[in-house]
Amino acid sequence: MGVFFKWAGILWSRFGLTDGTWRSSSAFSGIGCPEIASSAIWAVARRGVFCFQFGIERDHMARSVMATHSPHCMLQDDILDWIPNHLRMRLAKASAGALRSMIFDEDVRLTMTCTGGVTYDFGDCHIAGPPCVDFSPMGVGRCESGPSMICLYIWARAVLEARPMLLIIENVPRFPVDLLRSLFGSVYHVESTILEAYAFGSPGRRRRMYAVLTLRGKLRLRRSLAELPMEVQGLFAARRSWESLFCLPGSDDGFSQAVSKRAIEYVRVFKDKQSIYDLDQLPRGRPRRACAGAPLFGLTAHTRHCWSHRFGRSLRRAELGASMGIPTHPALSYIYGMQHISFESFSRSAAARLIGNGMSVPCVGSVMMWCSAYAAPDITRIPMRVPLDNDATDS
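Thresholds applied
Sequence order sets the numbering: in each chain, residues are counted from 1 along the sequence as written. Whole-chain, interface and lining totals are the exception, using all residues; otherwise, since this is a predicted model, local features are given only for residues with pLDDT of at least 70 and side-chain atom pairs are given and counted only at 80 or more. Based on all heavy atoms of the structure, the side-chain values leave hydrogens and waters out of the count. A 1.4 Å probe rolled over the protein chains alone gives each residue an accessible area, and that area as a share of the maximum for its type sets the label: buried under 20%, exposed over 50%, partly exposed in between. Secondary structure elements are taken from DSSP: a helix is a run of H or I of four residues or more, a strand is a run of E of two residues or more, and numbering for both begins at the N terminus. Any two residues whose heavy atoms approach within 4.5 Å are treated as being in contact. A helix is expected to reach a length of 1.5 Å times the quantity of its residues less one. Axis lines are fitted to C-alpha atoms, over the contacting stretch for helices. Their N-to-C directions set the angle, which ranges from 0 to 180 degrees. Crossing handedness is read from the near helix: turned anticlockwise from the far helix by less than a right angle, it gives a left-handed crossing, and turned clockwise, a right-handed one. Centres within 6.5 Å are what make two rings of Phe, Tyr or Trp a pair, Trp counting through its six-membered ring; a difference in plane orientation under 30 degrees is then read as stacked, over 60 as edge-to-face, and the rest as tilted. For a lysine, the NZ atom is tested; for an arginine, the CZ atom; a charge sits over a ring if that atom is within 6 Å of the ring centre and within 35 degrees of the ring normal. The working definition used for a salt bridge is a side-chain nitrogen of Lys or Arg within 4 Å of a carboxyl oxygen of Asp or Glu. Pairs of strands are assigned from DSSP output, requiring at least two bridges between the strands.

Caption draft 1: Geometry of helix H12 (residues 348–356). Burial of H12 is extensive: seven of the nine residues sit out of reach of the surface. The set of residues buried in H12 consists of Arg348, Ala350, Ala351, Ala352, Leu354, Ile355 and Gly356. Among the structural elements, helix H3 (60–69), strand E12 (313–314) and helix H10 (317–322) are those in contact with the buried residues of H12.

Structure, rendered in structure tokens:
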């Protein structure tokens, strides 16, 4: 399992890192996967390259996990608290077309404070995973007319006011990059790519869009983010299959008679005792399975039981977390200098939601290292004053 945590060392030897330190913040990152990635980078560089000071996360369970590995971070629980109460009530009733203009009205003033009254500081680098439920095939699919756009627009308004030099954004592949360009294109250079966690040595799939936005007149990437997938080809030749996750000690915490019956039905339908099955999908509906020697299918917020007939049990919560690059193994976490993270205090449903809504640690960490290695001053002039909501696209 240790190979899942070697991505930082492999990429550090390949790219290197600049000497500076990025004062960093995060938003909508779930259990704080960018913060976890920064600790992995610290373990190989032996210095704080990305130092996280502030975060935004509404889920109280996710905040409790963040508090264990990043206790120094000041956390804001609800970004909606940044807008006046009277506007909040109006936004709840506003149409999709009026929502954006109401939030970006220059007369609106945001109160960007965290719990305790401390002003939220975006720092030099801000990493966010805006709500994806309106763009995900597993969600409501309402796109820009969906309910989560309120949070996205408030967050975008706050970013344009603070203007951190570097933005790293993670979302589902269907998330429209043109939306980012319409929101930030007048102030930021925008570039994006699709990354697959399996290509970074992970035993599980996690295909996501990553966008890097650099502040015009301040910063620009010397190498395009689109080169990252090609650069890692061959670096993680020993790709892992789901079988390598079955190595943690302890009794099974997911066996039940109902789970066993459904597992037998899967084997009967597919006649394959070597695969692993997502038992939270109906066998004759839209089942998901991974054949022997293949990576684990992408985890969702509803993936509780990944059943292996050959091993006779489900993946444990710690093993599900390890498939995302989360340091859930105590001994290996210590060896690689990372804070051990446990999901044992959560139910299977809660742990599935926390893990499934998180980012792939190797992927987001690789983008962070790419930006640190190839960020350079930008000589492009930026207007002294631009509208907060501008439809200009990136050149």
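Caption draft 2: Local environment of helix H13 (residues 361–374). With 14 residues, H13 ought to run about 20 Å at 1.5 Å a step, and its terminal C-alpha atoms sit 20 Å apart, in line with that. Across the 14 residues of H13, 14 count as buried, placing the element largely inside the fold.

Caption draft 3: Inspection of the packing of helix H2 (residues 33–45) against H13 at higher detail. Between H2 and H13, the least distance of the axes is 9 Å, while the angle of their chain directions is 65°. As H2 packs across H13, the resulting crossing turns out to be right-handed. Residues Cys33, Pro34, Ile36, Ala37, Ser38 and Ile41 of H2 form the contact with H13, whose own contacting residues are Val361, Val364, Gly365, Met368 and Met369.

Caption draft 4: Structural context of the environment of Met209. Looking at the element boundaries, Met209 is found in strand E7 (residues 207–215). In the structure, Met209 is positioned 37 residues away from Val172 in sequence and 5.6 Å away in space, judged by C-alpha atoms. Met209 has contacts with Ile169, Glu170, Asn171, Val172, Pro173, Phe175, Val177, Leu180, Ser192, Thr193 and Ile194, leaving out every residue within four places of it along the chain.

Caption draft 5: Expanded view of the packing of aromatic side chains. A full pass over the atoms with the stated rule returns 19 aromatic pairs. On the basis of an interplanar angle of 75° and a centroid distance of 5.9 Å, the ring pair of Trp242 and Phe246 is categorised as edge-to-face. A relative accessible area of 0% places Trp242 in the buried class. Chaining the aromatic ring pairs together yields one cluster made of Phe54, Trp82, Tyr120 and Phe122. Its end group placed over the ring of Tyr374, Arg223 keeps NZ or CZ at 5.1 Å from the ring centre.

Caption draft 6: Spatial organisation of the pattern of salt bridges. According to the stated counting rule, one finds 20 salt bridges in the structure shown. Notably, a salt bridge pairs Asp78 with Arg58, separated by 3.8 Å at the nearest N-O pair. Pair noted here: Asp78 is in the loop between strand E3 (74–76) and helix H4 (85–93) and Arg58 is in the loop between strand E2 (50–56) and H3, with a separation of 20 residues, a long-range link. Residue classification places Arg58 among the exposed positions, given a relative accessible area of 56%.

Caption draft 7: Expanded view of the sheet that holds strand E9 (residues 276–278). Taken together, four strands build an open sheet; the order of strands is E10-E9-E11-E12 and the sheet is antiparallel. Of all strands in the sheet, those with a lone pairing partner are strand E10 (289–290) and E12, marking the two edges. Across three bridges, the pairing between E9 and strand E11 (residues 306–308) is antiparallel. The residue of E11 that forms the bridge with Ile276 is Ser308.

Caption draft 8: Up close: the sheet that holds strand E4 (residues 125–128). Strand order in this open sheet of seven strands is E3-E2-E1-E4-E5-E7-E6, and the pairing throughout is mixed. Since the sheet does not close on itself, it has two edges, and those belong to E3 and strand E6 (188–196), each with one partner. When the angles between neighbouring strand axes are averaged without regard to direction, this sheet yields 20°. Against the sheet, H13 engages strand E1 (22–27), E2, E4, strand E5 (166–171), E6 and E7, with an angle of about 25° to E7.

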